[in-house]
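Secondary and tertiary structure notes
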Amino acid sequence: MSNNALWRMDGDNLAAYTEDLEVMRKIHRSYPDFSLMATYEKDGVIYARQYRIPSKRKRSARHLLGVNVQQT
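Residues numbered from 1 in each chain as written. Predicted model: local features only at pLDDT ≥ 70, side-chain atom pairs only at ≥ 80, totals over all residues. Heavy atoms only, no water.

**Description of the overall build of the protein chain**
- Within the protein chain, the regular secondary structure consists of two helices and four strands.
- With respect to the principal axes defined by its C-alpha atoms, the protein chain has extents near 35 × 25 × 20 Å.
- Residues counted as buried form 33% of the 72 residues belonging to the protein chain.
- In the protein chain, the share of contacts with a sequence separation of at least 24, taken over all contacts with a separation of at least 6, comes to 54%. (Helix = DSSP H or I, 4+ residues; strand = E, 2+ residues; numbered from the N terminus. Buried < 20%, exposed > 50% of the residue type's maximum accessible area, 1.4 Å probe, protein only. Contact = heavy atoms within 4.5 Å.)

Take a look at the structure:
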């Protein structure tokens with residue numbers, strides 16, 4: 001099972017973290033407004049990515065990642 005997380009960065013943006021390769025492929029292919037912020041590597045292999053997502057796309061992000069926005 002892959003880890004996914006979604007949280008609010010500020011009033012305009014959400015942050016998303018995923019270890020799911022299929023989710024990463026879908027974002028690359030179909031979500032040009034999801035900006036890559038960070039990649040996580042182990043032994044030179046990317047195992048996770050973090051994205052900045054516009055708040056107006058919260059519903060799409062929740063559906064894609066299968067998680068709700070975390071409360072702080």
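**Some points on the sheet that holds strand S2 (residues 13–18)**
- The four strands lie next to each other as S1-S2-S4-S3, forming an open sheet whose pairing is antiparallel. For this open sheet the edge positions go to strand S1 (4–8) and strand S3 (35–42), each flanked by a neighbour on one side alone. The mean angle between the axes of side-by-side strands here comes to 15°, regardless of whether they run parallel or antiparallel.
- As paired elements, S2 and strand S4 (residues 45–54) share six bridges and run antiparallel to each other. (Pairing = 2+ DSSP bridges. Axes fitted to C-alpha atoms, helices over the stretch in contact; angles between N-to-C directions.)

**A short note on unusual backbone geometry**
- Even without glycine at this site, Asp43 takes up a positive phi of about 55°.
- On the accessibility criterion, Asp43 (76% relative accessible area) is exposed.

**Describing helix H2 (residues 58–65)**
- The set of residues buried in H2 consists of Ala61, Leu64 and Leu65. For H2, the buried positions fall inside an angular range of 85° around the axis, keeping them on one side. The exposed residues of H2 that point more than 90 degrees off its buried face are Arg59 and His63.
- On the buried face of H2, the contacting elements are S1, S2, helix H1 (21–30) and S4.
- Count one or two residues on from H2 and you reach Gly66, which has phi positive near 75°. (Arc of directions from axis to C-beta.)

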